[in-house]
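Residues per chain are reported as follows:
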Amino acid sequence: MKDKIYIINGPNLNKLGIREPDKYGSLNLQDIEDMCKNKCDKLNLSCVFFQSNIEGEIVNKIHDAIDKNIKAIIINAAAYTHTSIAILDALKMFKGIVIEVHITNIHAREEFRQQSFISKVAHGVIAGFGEESYLMAIDYLFNLNNKKV
Ligand code: CA2
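Parameters at a glance
Residues numbered from 1 in each chain as written. Predicted model: local features only at pLDDT ≥ 70, side-chain atom pairs only at ≥ 80, totals over all residues. Heavy atoms only, no water. Helix = DSSP H or I, 4+ residues; strand = E, 2+ residues; numbered from the N terminus. Buried < 20%, exposed > 50% of the residue type's maximum accessible area, 1.4 Å probe, protein only. Contact = heavy atoms within 4.5 Å. Areas by Shrake-Rupley, 256 points an atom, 1.4 Å probe, with all protein chains shown as cover. Salt bridge = Lys/Arg side-chain N within 4 Å of Asp/Glu carboxyl O. Pairing = 2+ DSSP bridges. Right-handed = clockwise from strand over helix to strand, strands pointing away. Near = heavy atom within 4 Å. Polar contact = N/O pair within 3.5 Å; in protein donor to acceptor, adjacent residues only side chain to side chain. Nonpolar A, V, L, I, M, F, W, Y, C, P; charged D, E, K, R; others polar.

## Things to note about the overall build of the protein chain
Turning to step 1, where the next piece is worked out: Along the protein chain, the regular secondary structure elements total five helices and five strands.
Turning to step 2, where the next piece is worked out: Overall, the protein chain is about 40 × 30 × 25 Å in size when its C-alpha atoms are taken along their principal axes.
Turning to step 3, where the next piece is worked out: Counting every position in the protein chain, which comprises 149 residues, the buried fraction comes to 47%.
Turning to step 4, where the next piece is worked out: Long-range contacts, defined as pairs at least 24 residues apart, comprise 75% of the intrachain contacts of the protein chain with a sequence gap of at least 6.
Turning to step 5, where the next piece is worked out: Split by element, the accessible area of the protein chain, about 7800 Å² in all, is 49% carbon and sulfur.

What follows is the structure, encoded as structure tokens:
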């Protein structure tokens, strides 16, 4: 059976590609989902791609990953990265691998974006490589543990 990963996206990422392309690129979230699914297919991984603008729905998705014993979560919690103790607490309960990703380099941006609650539980953080941040995270998971997630 294929190992399954969840790719979880936070608020406003459903509007990618519409505004601020200089910062966030011109791809929309559907493009990123397609790229992630393609890569997962090639690496024989199964992936569930999820986005919500609602904090509690993201928490529920993490609970779902816990209940289903999912191997890894790749998460771009967007603005909730910098504010959400609820998402942090949910991720603390998750026994698999958490990789935090960002399209932009949050460390080179406003001070309020330089703090991440997610980083406290993340195995690693990939930020600043546009949609490649997601693909790098998938590659990392593939290479981990003798090419198994
Ligand atoms: O760089 C990232 O991936 C972020 O997680 C993106 C979040 C931002 O709040 C984080 O600080 C960094 C914002 C996503 C906003 O998406 C937009 C969509 C359309 C137009 C403009 C922004």
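## With respect to the pattern of salt bridges
Turning to step 1, where the next piece is worked out: Applying the stated criterion to the full structure yields seven salt bridges.
Turning to step 2, where the next piece is worked out: Measuring nitrogen to oxygen at the nearest pair gives 3.1 Å for the salt bridge that ties Lys 39 to Asp 139. With a gap of 100 residues between them, Lys 39 in helix α2 (residues 29-42) and Asp 139 in helix α5 (residues 132-147) connect regions that are remote in the sequence.
Turning to step 3, where the next piece is worked out: Note on Lys 39: relative accessible area 22%, which makes it partly exposed.
Turning to step 4, where the next piece is worked out: Notably, a salt bridge pairs Arg 113 with Glu 110, separated by 2.8 Å at the nearest N-O pair.

## Focus on the pairing of strand β3 (residues 72-76)
Turning to step 1, where the next piece is worked out: Within β3, five of the five residues are buried, which leaves the element mostly enclosed by the surrounding structure.
Turning to step 2, where the next piece is worked out: Of the two faces of β3, the one holding Ala 72, Ile 74 and Asn 76 and the one holding Ile 73 and Ile 75 are both buried throughout.
Turning to step 3, where the next piece is worked out: In this structure, strand β1 (residues 3-9) lies alongside β3, joined through five bridges in parallel fashion. Bridge pairing in β3 links Asn 9 to Asn 76.
Turning to step 4, where the next piece is worked out: Sheet topology note: the β3/strand β4 (residues 97-102) ladder contains four bridges and is parallel. Bridging across to β4, Ile 75 finds its partner in Glu 100.
Turning to step 5, where the next piece is worked out: A crossover links β3 with its parallel partner β4, the connecting element being helix α4 (residues 85-93), and its sense is right-handed.

## Topic: unusual backbone geometry
Turning to step 1, where the next piece is worked out: Notably, Asn 44 is not glycine yet its phi reads approximately 60 degrees, a positive angle.
Turning to step 2, where the next piece is worked out: Along the polypeptide, Asn 44 turns up in the loop between α2 and β2 (45-51).
Turning to step 3, where the next piece is worked out: Located in the positive-phi region is Ala 78, a residue other than glycine, with phi close to 50 degrees.
Turning to step 4, where the next piece is worked out: One can find Ala 78 in the loop between β3 and α4.
Turning to step 5, where the next piece is worked out: Owing to a relative accessible area of 13%, Ala 78 belongs among the buried residues under this scheme.

## Notes on the site of the ligand
Turning to step 1, where the next piece is worked out: In the vicinity of the ligand there are 16 residues, among which Asn 76, His 82, Ile 103, Thr 104 and Arg 113 approach most closely.
Turning to step 2, where the next piece is worked out: Between the ligand and Ile 103, the relevant distance is 2.7 Å, taken from an oxygen atom to a main-chain nitrogen or oxygen of the residue.
Turning to step 3, where the next piece is worked out: Between the ligand and Thr 104 there is a distance of 2.5 Å, counted from an oxygen atom to a side-chain nitrogen or oxygen.
Turning to step 4, where the next piece is worked out: Considered on its own, the ligand offers 510 Å² of accessible surface; in the complex 95% of this is hidden by protein.
Turning to step 5, where the next piece is worked out: By residue class, the composition of the shell around the ligand is seven nonpolar, five polar and four charged.

The values reported here are purely geometric and, on their own, carry no functional implication.
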